[in-house]
Amino acid sequence: MLSQNHLHVSLLYIVLLTGTKYGCGGGGCGACTVMVSKYDQLNNRVLHYTVNACLQPICTLHGAAVVTVEGIGSTKTKLHPVQERIAKAHGSQCGFCTPGMVMSMYTLLRNKPHPTMEDIREALGGNLCRCTGYRPIIDGFKTFCDVSNASENGEGCCQNGESGGNPGCRENEMELFHMDNVLPLDPSQDLIFPPELMKRACGSLCFQGDRLKLISPVDLTNLLELKTEYPEAPVVVGNTTIGINLLLCHLLFVIYLLCVHVHAGVSMGAVCTLSSLKEEMERAVREMEAERTRGYQALLQTLQCLAGKQIRNMATIGGNILSANPKYDLNSVLAALDCTLQVMSKENGTRAITLNEELFTGFGKTALRPDEVLLSIDIPYSKPWEFVSAFRQAQRREFAFSIVNAGMKVLFREGTNIVESLNIYYGGVGPTLVKVGRTCQKLVGRSWGEDLLADACRLLEEEVELSDSAHGGKVEYRKTLTTSFFFKFYMQVLQELRERDVNVCLLPLEYLSALNVCLFPLQLVSNAQSSQDPVGHPMMHQAAFHQATGEAQYYDDIPAVQGELFVFMVTSTRAHAKIINIDPSEALGMTGVVTFLSAGDVPGQNRRMLFNNPEELFAEEEVSCVGQIIGAVVAESREQARRAAQMVKVTYQDLLPVFFTIEEAIQHQSFFDPKRKLERGDVDKAFETVDQILEDEIYLGGQEHFYMETQGLIAVPKGENGELELFVASQHSAYTQEVVGITLGIDSNKITCHVRRLGGAFGGKVMKIASLSAITATAAVKTGRPVRCVLERGDDMLITSGRHPFLGKYKVGYNNDGTIMAADITYYSNGGCTLNESLAIMEKALLHMDNGYKIPNLRGRGLVCKTYLPSYTAFRGFGGPQGLMVMESVLHEVAVKCGLPPQKVREINMYREEECYTHHKQLFSPRDMLRCWDECLDKAGYHDRLQAIQQFNTSNRWKKRGISAVPMKFGVGFSKGFFNQGAALVNIYKDGSVLVAHGGTEMGQGINTKALQIASRILKVPMSSIHIKETCTGNVPNAAPSAASFGTDAVGMAVKDACEKLMRRLKPFMENHPKYTWQQWVINQHPPGYPNAVTVWVSRGPHTDMDWENSEGPAYYYFTFGACCSEVEIDCLTGDHKNLRTDIVMDVGRSLNPALDIGQIEGGFVQGIGLYTIEELQFSLEGVLMTRGPSQYKIPALCDVPPQFNVHLLANAQNPHAIYRSKGIGEPPVFLASTIFFAIKEAVAAARRERGLGDSFPLSSPATAERIRMACEDQFTEMAPSPKKGTFKPWSINI
Ligand SMILES: Cc1cc2nc3c(=O)[nH]c(=O)nc-3n(C[C@H](O)[C@H](O)[C@H](O)COP(=O)(O)OP(=O)(O)OC[C@H]3O[C@@H](n4cnc5c(N)ncnc54)[C@H](O)[C@@H]3O)c2cc1C
Ligand code: FES
Ligand code: FES
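Computed from a predicted structure; not experimentally measured.

Participant: For this particular structure, what's the right way to read the overall build of the protein?
Facilitator: Of regular secondary structure, the protein possesses 37 helices and 46 strands. Here the C-alpha atoms of the protein give a radius of gyration of 31 Å, agreeing with the 34 Å that 2.2 N^0.38 yields for 1295 residues. With respect to the three principal axes, the spread of C-alpha positions in the protein is 95 × 80 × 70 Å. Residue burial in the protein is summarised as follows: out of 1295 residues, 65% are buried. The contacts of the protein with a sequence gap of at least 6 include a subset with a gap of at least 24, amounting to 78%. Summed over its atoms, the accessible surface of the protein is roughly 46,100 Å², and 50% of this surface lies on carbon and sulfur atoms.

This is the structure:
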């Protein structure tokens, strides 16, 4: 039974089960994947397919069966093999993506019990994971493939023992994940489709709500009648475009699939899904002569990369066309193919219209009359002398909207190379589909040769108009892509003509590389450490089964309690302005709205000092960024609060100055205090004696955390003594408790924070969650009712911000042999409008600036820029990835200038003595770093591959490869000593069971699992007898944040100490009764004053503290070392790149749990791939973040993981400073992905050298497709020169 409010609501909000997760609400992450089954009456079969529940309107599921993750297995009954295998293969870290992954795989197996690896890759293409790096997920799922299918991963798969692979990887892999005792897949156990749904009568349905009406027509005639009655009502089919902008007035929805065939080509019903279209095209290509299906092949090329499987299952071809969005891929190809649309209305019957540029009258608008509906699309067969191609280039290789797409078709006079007709269409170069008609016309009658190519490029340059301020930015890149795509088309056709013995100009062999499609074989293989190594066991994540079944509870899974309210933030729309007035009256008058909060409602302090800088909960007089919280609406429901928040009117008076970029902050000298400096040696003097001096800079963009679970909490007032309980997604519950106390003006002992687990955090849930908690707590206290706050993805990205952008300006003095004698680096970070943790982050950047290099004279300055942007905050690595990256840039550029291989320059400058001092005078031994480096180069076969790459590059003009290796030294622990402590409480109950509580937070890294392993070892009881429930400020007070890679070190030591204390108490009794069982010992051991519970605080190891005045101090407990080598291939014409292979050797000391540690290494590395190559934040000129969801902001997907990804743990590594000689591992691996950046730089340099250009050139991070393409300067980029600064208004800015 649906309430009126639920009519438009997606399935996600209806299921009310914990397994279907909200990650983005826009079809972009896959966390909400469920399986829908429908009876197909036409073919008398049941169809099973995945959908994104967040886009699936509940009304459209009439007659369908929906299976969620809860429906396939549970820990209480029996797990489904898919759930079991992802868990056992360590494919679930924070677990927030896990149910979605499970449902994608489950649905695949329902349709195909013996899938191929390609099937798995396709099925998971629409599911994002921010934690694992995907490898373990694939490892678990590939066990469902037949052996023959599993090995169809392309060449060199080490699994099938072919050459080029890694001998022994299978053996190693089995150590992490045993296939013994796993449940077999038994399709007979699957849920059956409810038979009653096969018999349902198809009648018209009408759902009437207070704001909208949904009508499901019974047949076409009914649909046409309805369209006449409600001409403005959109036809909802897949809902993947409409769903995003839902909440319109009248909606009609169609639920039939039409797919018919006619003799002149394929005619697709307009409501045919993109998955069915793909299947239909594949069938046609399989069954018909290749000549007739060239167009279909081109369509398939596009469909392979278009969205994820779930979206393709929902989205329709008609919807794709009529959404009239130039970024959608199909129109350019379908138009090039001269497709015809059959449209129909009640009044005028059927008419055929050509799909061309005239169909599109504006963005989102078509020439269809309001009462018309699209019936079908006729896609003609190709003619004998016709050649077709489709092109697209996106931010990410798959599951991303294209930046530019194109469809091209040429018809030749039979047996010749004379052009008879030419069709070229582009999407993404204007608000509508663009036909370059003039260009095409002028090329008709010409021979397909070099003259035509030159003229075509010139004509395209003239005809494709894109203003310098065009929407979407990337103007030069987009222009370049238009000619580059044509060049690819030209080459492809030329080759085909040659194959047909048509007399065309000769093609240099190396030019053919323009045509190679970047294949992406899936061969994710781990080279984990062998069982002979003296390390801990690869125990499965303690909660993995619960995560895989959807039973694991995150804060928003806690059922609503009686009277619960919802709070929604009202944020600033101005970057710098005085608040003149806040008028919530309209919002307060709306149904369900309970109250509005602003600064005046805060009972305690609204303003508090953070590192001596003020932070406000609610902006009081002024706002200093877009996204700053001004107020909050509290209402009975999520939806009511959301709508009402939009109705709060804030009047502003704009203030000056207003600026956003680091460059502008430097001009305004706008910096936070204090500024930091570190120095060793005499830098200025050293510059006087060196052979060469180089001055340069590198810019590094920021990064959004994109944890899969957005921030939020539930605040519950207890009604007695002002007590309050918070169920909160915080990495630092003690800080949250403190801030809530300050805000409410009550003592911490009345506030209890509970944290069960987080769906990822990566540093983003330390600080801002405390402010959100304080606001929610204020709402709870004001209303006296429980209040829930769940940030929507867009608000989360806007309000909470992420990793700091950095600019590193450097002067380096070196000798001609590559020895660096002096470096002077100034780091600028964009801190945003308040200091937050920016100072500590800058300090970490400076403390890491030497990496593994002994540069005798080294100076670093760190300035945090104050700008009018949301305040940047902690993110995995905490400044380390930026500090290290600038130094690696220095090394790279020196190598280029010296004409030496970068790895040689790195080796020349490395720390080598047994006892070394960092630039902040901390003693360490680089031995293990050098071992990692040597082993890494060796295992990667660096030197041989370097030669092979050089060979590849000379024989390929448009594809280039690069390889790069870097070493790493990374400090573990907090440089403020007082944070380096852990606490634990261990209770032993009379039945022998043990409850461990500690101050760390489980966010996927496996801290609970490691704590259990430690407790189990000391207490000598199985892990299954020990339980960890939650992190709670009531059990373990004043705990440090789980951060700085230090969580396990601190907590592990505390758990160990607590358990040892208990064992010491038990020992005499145990010795007296050696035959007793554990339970007997525990029951009988009750001497007064010796309870079986103990809380300990541990702060051990070397003291850390930095003396910034004197540039010295032990800043870290110890250093974790590593080395990484990566190879990439770039497409010089599009900027596309693929990660070919990565080898990592990592020193984690004596790993407590290799499976978890390898998971952290792989996950961190893949997050680094995002940081250095894909993830790009875009801000408008007004300082508004425009990339606010997975559609605009791309984190790495499965397609970005190197097909050969080998992680090795350094053998015989030791660490006297941490628990059982292990090492912290959370943060360091992020930086290792800089190898991908430098490998790209090498590949670009190879392209430039060939064109006689210098191989020293600027490349900012991330190395996006746009930046790679524009750095590969050539005749095409010359046609799209950059406009002069100041002569135009750019669409976005680099902050
Ligand atoms: C996460 C995500 C990723 C995506 N990635 C890509 C991508 O990479 N490339 C790409 O090309 N697209 C992509 N898309 C867009 C997707 O392909 C389109 O949203 C989809 O094809 C629209 O089809 P639909 O059935 O869902 O349309 P709906 O949302 O149901 O409708 C869209 C519009 O078409 C109209 N309409 C639909 N059918 C008819 C009809 N028969 N007669 C009259 N009007 C009709 C509707 O009234 C509405 O105006 C993506 C979408 C999402 C959500
Ligand atoms: S929540 Fe549905 S796809 Fe992200
Ligand atoms: S385990 Fe995939 S998002 Fe955390």
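Participant: How should I be thinking about the pattern of salt bridges in this particular structure?
Facilitator: Side-chain pairing between opposite charges can occur once the charged atoms of the two side chains come close. One pass over the full model with this rule turns up 76 salt bridges. Between Asp-601 and Lys-782 there is a salt bridge; the shortest N-O distance is 3.0 Å. Taken together, the residues Asp-601 in the loop between strand 21 (593-597) and strand 22 (607-610) and Lys-782 in helix 23 (residues 768-783) connect sequence positions 181 residues apart. Here Lys-782 falls in the partly exposed class, since its relative accessible area comes to 39%. Here Lys-718 ties to Glu-725 by a salt bridge, and the two come within 3.1 Å at their closest N and O atoms. Within the structure, one salt-bridge network assembled from shared partners comprises Lys-677, Glu-679, Asp-684, Asp-824, Arg-859 and Arg-861.

Participant: Is there a simple way to explain the UniProt feature "binding site: substrate" (unreviewed entry) in the protein in this structure?
Facilitator: As annotated in UniProt, the feature "binding site: substrate" (unreviewed entry) corresponds to Phe-878 in the numbering used here. When you line up the elements, Phe-878 lands in the loop between strand 35 (857-865) and helix 26 (880-898). In contact with Phe-878, not counting residues within four places along its chain, are Arg-803, Glu-837, Ala-840, Ile-841, Lys-844 and Glu-1227.

Participant: Even after reading the chapter, I still don't get the pairing of strand 46 (residues 1204-1209), so can you show me in this structure?
Facilitator: The two faces of a sheet get side chains in turn, since along a regular strand they alternate between them. The element strand 46 is extensively covered by neighbouring structure, given that six of its six residues are classed as buried. Of the two faces of strand 46, both are covered, the one formed by Gln-1204, Asn-1206 and His-1208 as well as the one formed by Phe-1205, Val-1207 and Leu-1209. As paired strands, strand 45 (residues 1137-1146) and strand 46 are joined by six bridges and run parallel to one another. Bridge pairing links Asp-1143 to Asn-1206 in strand 46. Note on the crossover from strand 45 through helix 33 (residues 1154-1174) to strand 46: the handedness is right-handed.

Participant: Any chance you could explain the packing of aromatic side chains here in plain terms?
Facilitator: Within this structure, the stated rule accounts for 24 aromatic pairs. Centre to centre, the rings of Tyr-328 and Phe-401 are 5.8 Å apart; their planes meet at 10°, and the pair counts as stacked. Linking Tyr-328 in the loop between helix 12 (317-322) and helix 13 (330-336) with Phe-401 in the loop between strand 15 (386-394) and strand 16 (402-412), this pair joins segments that are 73 residues apart in sequence. You can call Tyr-328 buried: its relative accessible area is 13%. Within the aromatic cluster, the residues linked to one another by ring pairs are Phe-387, Phe-412, Trp-448, Phe-486, Phe-489 and Tyr-490. One cation-aromatic arrangement involves Arg-500 over Trp-385; the distance from NZ or CZ to the ring centre is 4.6 Å.

Participant: Explain unusual backbone geometry here, please?
Facilitator: Outside of glycine, negative phi angles account for most residues, and trans bonds account for most peptide bonds. Backbone torsion omega between Asp-673 and Pro-674 reads -5°, so that peptide bond is classified as cis. Locating Pro-674 in the fold gives a position in the loop between helix 20 (662-668) and strand 27 (676-680). Ser-1261 connects to Pro-1262 through a cis peptide bond whose omega is 0°.

Participant: Just to check I follow, could you spell out the UniProt feature "binding site: [2Fe-2S] cluster 2" (unreviewed entry) in the protein for this structure?
Facilitator: Here, UniProt's "binding site: [2Fe-2S] cluster 2" (unreviewed entry) annotation points to Cys-94, Cys-97, Cys-129 and Cys-131. In three dimensions, the annotated residues from a span of 38 residues occupy one location, with a maximal C-alpha spread of 9.5 Å. Positionally, Cys-97 belongs in the loop between helix 2 (81-88) and helix 3 (98-111). In this structure, Cys-97 is in contact with Leu-128, Cys-129 and Met-708, ignoring residues within four places of it in sequence. Counting through the fold element by element, Cys-129 comes out in the loop between helix 4 (117-124) and helix 5 (135-141). In this view, Cys-129 contacts Cys-97, Met-101, Tyr-134 and Ile-137; residues no more than four positions away in its chain are not counted.

Participant: What exactly am I supposed to notice about the site of ligand 1 here?
Facilitator: Neighbouring ligand 1 are 31 residues; Val-237, Thr-240, Thr-241, Thr-316 and Asp-329 lie closest to it. With respect to ligand 1, the side chain of Thr-240 contributes an N or O atom lying 2.6 Å from an oxygen atom. Summarising the interface, the protein chains cover 93% of the accessible area of ligand 1, which totals 970 Å² for the free molecule. With three residues, the top contributor of residues to the shell around ligand 1 is helix 12. A breakdown of the residues in the shell around ligand 1 according to their chemical character gives 18 nonpolar, eleven polar and two charged.

Participant: How should I be thinking about the sheet that holds strand 1 (residues 33-40) in this particular structure?
Facilitator: Backbone-to-backbone hydrogen bonds join strands into a sheet, with any given pair of strands oriented parallel or antiparallel. Read across the open sheet, the three strands follow the order 2-1-3; overall the sheet is antiparallel. Sheet topology places strand 2 (45-52) and strand 3 (65-67) at the edges, where each strand pairs with a single neighbour. On average, each strand axis in the sheet is tilted by 25° relative to the strand beside it, whichever way the strands run. One ladder, built from eight bridges, connects strand 1 with strand 2; its direction is antiparallel. Of the residues in strand 2, the one forming a bridge with Thr-33 is Asn-52.

Participant: Sorry if this is basic, but what is going on with the sheet that holds strand 34 (residues 820-830) here?
Facilitator: Reading across the sheet, the five strands line up as 27-35-34-33-28 and stay open at both edges, with mixed pairing between neighbours. The open sheet has two edge strands, strand 27 and strand 28 (692-700), and neither has a second partner. With strand direction ignored, the average angle separating the axes of adjacent strands in the sheet is 10°. One ladder, built from nine bridges, connects strand 34 with strand 35; its direction is parallel. In the strand pairing of strand 35, Ile-825 is matched with Gly-860. Sitting on the sheet, helix 25 (residues 838-847) touches strand 27, strand 33 (806-814), strand 34 and strand 35, and the angle it makes with strand 35 is about 160°.

Participant: For this particular structure, what's the right way to read helix 31 (residues 1047-1072)?
Facilitator: Owing to its 3.6 residues per turn, the α-helix aligns residues three or four sequence positions apart on the same side. A rise of 1.5 Å per residue sets the reference length of helix 31, with its 26 residues, at 38 Å; its end C-alpha atoms lie 38 Å apart and thus fit the reference within 8%. Most pronounced at Leu-1066, the bend in helix 31 amounts to some 45°, and the proline Pro-1068 follows within four residues.

Participant: Which parts of the structure should I look at to understand the environment of Gly-1052?
Facilitator: Here Gly-1052 shows up in helix 31. When its relative accessible area of 2% is taken as the criterion, Gly-1052 is described as buried. Placed 45 residues apart in sequence, Gly-1052 and Ile-1007 show a C-alpha to C-alpha distance of 8.3 Å. Sequence-distant contacts of Gly-1052, defined by excluding residues within four places in its chain, comprise Ile-1014, Gly-1047 and Ile-1219.

Thresholds applied
- Residues numbered from 1 in each chain as written.
- Chains lettered and ligands numbered in written order.
- Predicted model: local features only at pLDDT ≥ 70, side-chain atom pairs only at ≥ 80, totals over all residues.
- Heavy atoms only, no water.
- Helix = DSSP H or I, 4+ residues; strand = E, 2+ residues; numbered from the N terminus.
- Rg over C-alpha atoms; globule rule 2.2 N^0.38 Å.
- Buried < 20%, exposed > 50% of the residue type's maximum accessible area, 1.4 Å probe, protein only.
- Contact = heavy atoms within 4.5 Å.
- Areas by Shrake-Rupley, 256 points an atom, 1.4 Å probe, with all protein chains shown as cover.
- Salt bridge = Lys/Arg side-chain N within 4 Å of Asp/Glu carboxyl O.
- UniProt positions renumbered as here; feature names shortened; annotations may be inferred.
- Pairing = 2+ DSSP bridges.
- Right-handed = clockwise from strand over helix to strand, strands pointing away.
- Phe/Tyr/Trp six-rings, centres within 6.5 Å; stacked < 30°, edge-to-face > 60°.
- Lys NZ or Arg CZ within 6 Å of the ring centre and 35° of its normal.
- Near = heavy atom within 4 Å.
- Polar contact = N/O pair within 3.5 Å; in protein donor to acceptor, adjacent residues only side chain to side chain.
- Nonpolar A, V, L, I, M, F, W, Y, C, P; charged D, E, K, R; others polar.
- Axes fitted to C-alpha atoms, helices over the stretch in contact; angles between N-to-C directions.
- Expected span 1.5 Å × (residues − 1).
- Bend = angle between axes of the 7 residues up to and from the residue.

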